[in-house]
Amino acid sequence: MQFLFDKDKAALQSEAVREPIEASRRTILKSIGGVGAGLVLGLQLPAAAKAQSGAAAVIKGDGGASTFAPNAFVRIAPDSTVTVLIKHIEFGQGPYTGLATLVAEELDADWSQMQAQSAPANTPLYKNLAFGVQGTGGSTAMANSYEQMRKAGAAARHMLVEAAAEAWGVPVDDITVSKGVISHKESGKSGKFGDFAEAAAKMTPPSEPSLKDPSEFVLIGTHLPKLDSRAKATGEATFTMDATLPGMLTVLIQRPPLFGAKAKSFDDTETRKVAGVVDVKLLPRGIAVYAEGFWAAKKGRDALKVEWDETGAETRSTAEIVADYSQSAATTGKVVKEAGDAEKVLDAGGKTIVAEYVFPYLAHAPMEPLDCLIEANESSAKVWAGCQMPTIDQGAIAQTLGLRPEEVKIETLFAGGSFGRRATPVADVAYEAATAVDAIGRTRPVKVIFTREDDIHGGFYRPLNVHKMKGAIDAEGNITAWDHVIVGQSIMEGTPFESMMKDGIDPTMVEGADDLPYAIPNFRASVHKKTLAVPPLWWRSVGHTHTAYSTETFLDELIALSGKDPVEARLKLLGDKHPRLTGVLKAVAELADWGSAVPEARARGVAVHKSFNTYVAEIAEVAMGEEDGVPRVHKVWVAVDCGVAVNPDVVRAQMEGGVGYGLGHILYAGLTLDKGRIMQSNFDTYRSLRINEMPEVEVTIVKSAEAPTGVGEPGVPPIGPAVANAWAKLTGKRVRNLPFAPIES
Amino acid sequence: MAKFALTVNGKSHEVDVDPDMPLLWVLRDELGMTGTKFGCGIAQCGACTVHLDGQAQRSCVTPIEAAAGGEIVTIESVAGAEAKAIQDAWVKHDVPQCGYCQSGQIMSAVALLREVPDPSDSDIDDGMTGNICRCATYVRIRKAIKTAAATLKG
């Protein structure tokens, strides 16, 4: 097994933008040692897509059929290595391994011959079938690729077999393929994929390659080692931070201290005295310091004196924003969903609970600070970045530089985390990089780097939210009414994703709240949309980060009021309409032996939530922690139903990581504004979960034959409410203002 | 600017840099060794961990002035029984997700095993708390360190 990187320095340095159309092709050719005799296949692309495709030109073996165009999903080299071009960014969630598995399965390849490589930016070829643009998000990588990549593998197999049959003069049906070996039993003939790559390229691609029945899978559903682990355990993996070009300048940008402020004037006298500083330019988003290396850029930027125009900037403090939201939350917002008459039932009195929740702004804080390397001239540009939305970044760069999108080549590198931050609909980092290279006349390549402080101060946060919830139970303890008001910011409004809004409602504000699965006769969910200069963004599991918390803790409170068991009561409320939610809930209860004796001074809580079509239930066991008001979470049990688990170990890893990411923020993280200024700046004040705070995690995967759904995000939503429910059981305290720990500044 | 002689992975180098420049940026920008990562710049995350005279050290806050003259080892050539056991265990358990922090995690884990060959959970906490993993691969980091320790015991 091997992982290909074509981003080693030699490759980078030889990639001149002089031949932009050829560039990515040559990189590919070089990296596999010549594909001339190889087989390349593509799938189900309209004729127009084929014509526009730069990659198609590389390809031999064009079948010519208009519904099939060769592209670069699958490449089989003469040495029999199979390279899968991965259209999704790899930032730890495992698409390099997962998507390669799908191809290998239908190809009947041996796992040791598989390689993965990032696909270039090319929307027609590599779009996410769930969005129509090339990009990764919403835990869709596996779901949208499942059939597409299997078909790519199946078609390749079909053509290899035809080539072998022709060479051996035997019927196609008598040929078998197993672990990368093509065999004809009767004649005793056998060969490897590479032996037939050139001949297979002349075969006609099947119009509808037949796929295996799941019962025939030999790789899908098994534990295959990840393709990128070795490179990431040796420091060899290349991230954008590590990529360099000859003559490259490092750029740090001084951005406004307040959201919505602009630079009025600046004095760079001292900056220019710093050895290594090459230039200083005013950009639309701030003042850029260009230097030979990071340290000079940082020292130079530290020495800048800037006067800011704060007209129109957000100047409120968190308390004022929360007060405003809270006032709105007291009234019904735009109704998203309604059944029965919740208001009437609640007004009638009886046993009711009213609760208000406050969720802070959160930064994604990916481990690799944001960065982007760009080289440009008058007719083209080339970009190396951990690019989560290639279509959008490509468009933004093209527009900024006056180029056509296809004149902007993007090589997506490994990204050191993202959690949504690298998927800005306004392409903030790519745009800044384009303005930075343009401001020095496109004379030298530049790499824009964020410091950690830039990242934490930089906006594009999980938005602050206030929820107001009211609920009632009857004499038998049945929940009779539920009224949920959400106040927050729209992520989609004013972006290319606005088309996904319906009736002015951004679904990411209410997801997980408007589709509450529990049988409650009188129900209302409504939303107030606020507009602030603080830019909001999707953050690992998006709306579910707050709706799962409010709904699952509030439900728990109502259940506790009725004196019922949290698991039993949920199962009853789910009834027979939600078999997959019921399935994970039962599975997690069994895994944790729910109802058995809990160790002394500990308590357990449960939560179940569906997000991105994946179903997850979690049980957390907590005790009093060392810090006041903060639990020590000892153990978390997870049950997940994500359809077919393509690589169960990757699924487990994502559940473990989702629990850790969610837990760290629920317990410790929050951003506050003081007169508009973000008061946290690095991991000393924006606290991250550490190893000593990580619980033991046990995961069970519910067996399913459904098509696979994502696992990158769905592990996150249930952990907060599971912990909060356990904490309430232990202490009697319902935490409604997050995080648990005081926010430092 | 000033000239400094330093030994990195057994090789001598001379650099002419700002005496304040942290070792991290000397390694990355001057010597082109990018395995050691920038994560926070204030010794909070551990992504920049190297070995300086055998001790795990946060290179982002170690000025070149203080590091020059010492023996520096980075992820590019960390070697020996502990390093091999750790890196193999990292692969065996598929520890990395995004992978960006893992150079630092591994440098800390190797230093831990050299100090404490058979670490308990609390030894692991003590040795590894300075290394943040935003993907929260901590469950597997713990497992891999125990696997490596078992391998070394034979």
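Residues numbered from 1 in each chain as written. Chains lettered and ligands numbered in written order. Predicted model: local features only at pLDDT ≥ 70, side-chain atom pairs only at ≥ 80, totals over all residues.

Enquirer: Looking at this structure, how should I read the overall build of chain A?
Expert: Across its full length, chain A holds 21 helices and 27 strands. What you see for chain A is a C-alpha radius of gyration of 27 Å, in line with the 27 Å of a compact globule of 745 residues. Oriented by its inertia axes, the alpha-carbon framework of chain A measures out at about 80 × 75 × 45 Å. A separation of at least 24 residues holds for 78% of the contacts in chain A among residues at least 6 apart in sequence. (Helix = DSSP H or I, 4+ residues; strand = E, 2+ residues; numbered from the N terminus. Rg over C-alpha atoms; globule rule 2.2 N^0.38 Å. Contact = placed C-beta atoms within 7 Å.)

Enquirer: Explain the pairing of strand β10 (residues 277–283) of chain A here, please?
Expert: Consecutive side chains along a regular strand alternate between the two faces of the sheet. All names here are of chain A. With six bridges joining them, β10 and strand β11 (residues 286–291) adopt antiparallel strand pairing. Paired with V277 across the bridge in β11 is A291. The antiparallel hairpin formed by β10 and β11 contains two residues in its connecting segment. (Pairing = 2+ DSSP bridges.)

Enquirer: Teacher, can you tell me more about the sheet that holds strand β19 (residues 465–473) of chain A here?
Expert: Strand pairing in a sheet is mediated by backbone hydrogen bonds. Such pairs are either parallel or antiparallel. All names here are of chain A. One open sheet holds the five strands; their spatial order is β13-β21-β20-β19-β14, and the pairing between them is mixed. Each edge of the open sheet is held by one strand with a lone partner, namely β13 (334–339) and β14 (351–359). With direction set aside, neighbouring strand axes in the sheet form an average angle of 10 degrees. Taken strand by strand, helix α11 (residues 318–329) contacts β14, β19, β20 (479–489) and β21 (522–530), and its axis lies near 35 degrees from that of β19. (Axes fitted to C-alpha atoms, helices over the stretch in contact; angles between N-to-C directions.)

Enquirer: Help me understand the interface of chain A and chain B, please; the structure alone is not making it clear to me.
Expert: Many authors give the size of an interface as the accessible area that is lost as the parts come together. At the junction of the two partners, chain A supplies 47 residues and chain B supplies 44 residues. Considering every element that reaches the side of chain A that touches chain B, the biggest residue donor is helix α20 (residues 648–668) of chain A, with seven residues. Its residues placed into classes, the side of chain A that touches chain B shows 22 nonpolar, 14 polar and eleven charged. (Nonpolar A, V, L, I, M, F, W, Y, C, P; charged D, E, K, R; others polar.)

Enquirer: Would you mind showing me how to read the sheet that holds β10(A) here?
Expert: All names here are of chain A. With mixed pairing, seven strands are arranged side by side in an open sheet as β10-β11-β8-β18-β15-β16-β17. Two strands in the sheet have a free side with no partner beyond their single neighbour: β10 and β17 (408–412). Direction aside, neighbouring strands of the sheet carry axes that sit 20 degrees apart on average. Both strand β16 (residues 381–385) and β17 contribute to a ladder of five bridges, which runs parallel. Paired with V383 across the strands is I410, a residue of β17. Across the face of the sheet, helix α10 (residues 294–302) comes into contact with β8 (249–254), β10, β11 and β18 (446–449) while running at roughly 25 degrees to β8.

Enquirer: For this particular structure, what's the right way to read the confidence of the model for chain B?
Expert: The predicted coordinates should not be examined in detail at positions where pLDDT is low. On average, residues of chain B carry a pLDDT of 97, and 100% of them reach 70 or more. At the level of chain-chain contacts, confidence expressed as ipTM amounts to 0.98, with global pTM at 0.92. (pLDDT = per-residue confidence, 0-100.)

Enquirer: What exactly am I supposed to notice about the environment of E696(A) here?
Expert: Positionally, E696(A) belongs in strand β27 (residues 696–701). Separated by 40 residues in sequence, E696(A) and E656(A) place their C-alpha atoms 8.7 Å apart.

Enquirer: Looking at this structure, how should I read the domain arrangement of chain B?
Expert: All names here are of chain B. By domain assignment, chain B separates into domain 1 (2–73) and domain 2 (81–153). Distance between the C-alpha centres of domain 1 and domain 2: 22 Å. Each side of the interface is counted separately: domain 1 has 13 residues, and domain 2 has ten residues. Residue assignment for the side of domain 1 that touches domain 2 shows that the elements contributing at least two residues are β3 (49–52) and β4 (55–58). In terms of residue class, the side of domain 1 that touches domain 2 is made up of five nonpolar, seven polar and one charged. (Domains from an automatic or database assignment.)

Enquirer: Please explain the domain arrangement of chain A as it appears in this structure.
Expert: Residues and elements named next belong to chain A. Assigned domains within chain A: domain 1 (9–225), domain 2 (240–310 + 370–449) and domain 3 (318–362 + 460–731). For the side of domain 1 that touches domain 2, the secondary structure elements donating two or more residues are α1 (9–14) and α2 (20–31). When grouped by side-chain class, the residues that make up the side of domain 1 that touches domain 2 number nine nonpolar, nine polar and three charged.

Enquirer: Would you explain the pairing of strand β23 (residues 614–624) of chain A in this entry?
Expert: Residues and elements named next belong to chain A. Of all the eleven residues making up β23, nine are buried; the element is thus mostly covered by neighbouring parts of the structure. The pairing of strand β22 (residues 602–611) with β23 spans ten bridges and is antiparallel. By the bridge assignment for β23, V606 is matched with I619. Hairpin connection, β22 to β23: the antiparallel pair is bridged by two residues, and F612 has positive phi, about 50 degrees. Here ten bridges tie β23 to strand β24 (residues 631–641), and the two strands are oriented antiparallel to one another. (Buried ≥ 20, exposed ≤ 12 C-beta atoms within 10 Å, placed from the backbone.)

Enquirer: Before we go on, may I ask you to explain unusual backbone geometry in this structure?
Expert: Phi is mostly negative for residues that are not glycine, and the peptide bonds are mostly trans. All names here are of chain A. That bond from L738 to P739 is cis: its omega, 0 degrees, falls within 30 degrees of zero. By the element assignment, P739 lies in the segment after α21 (719–731). The backbone of A601 shows a phi angle near 65 degrees, a positive value even though the residue is not glycine. Following the sequence through the fold, A601 ends up in the loop between α19 (579–592) and β22. For K675, which is not a glycine, the phi torsion comes out positive at approximately 50 degrees. Its place among the elements puts K675 in the loop between β25 (673–674) and β26 (677–678).

Enquirer: Help me understand the packing of helix α18 (residues 566–574) of chain A against α19(A), please; the structure alone is not making it clear to me.
Expert: Helix-helix packing is characterised by the crossing angle of the two axes and by the distance between the axes. All names here are of chain A. Where α18 contacts α19, the two axes come as close as 10 Å, and the packing angle between them is 165 degrees. Taken together, the axes of α18 and α19 lie roughly antiparallel to each other. Remark: the crossing between α18 and α19 carries left-handed chirality. Here V567, R570, L571 and L574 of α18 lie close against α19, whose contacting residues are L581, T582, L585 and A589. Across the contact of α18 with α19, the residue classes tally to six nonpolar, one polar and one charged. (Parallel < 35°, antiparallel > 145°, perpendicular 65-115°, else oblique. Left-handed = near helix turned anticlockwise from the far one by under 90°.)

Enquirer: Honestly, the environment of G458(A) in this entry has me stumped. Any pointers?
Expert: One can find G458(A) in the loop between α15 (452–457) and β19. Put simply, G458(A) and H546(A) are 88 residues apart on the chain and 21 Å apart in space, counted from C-alpha to C-alpha.

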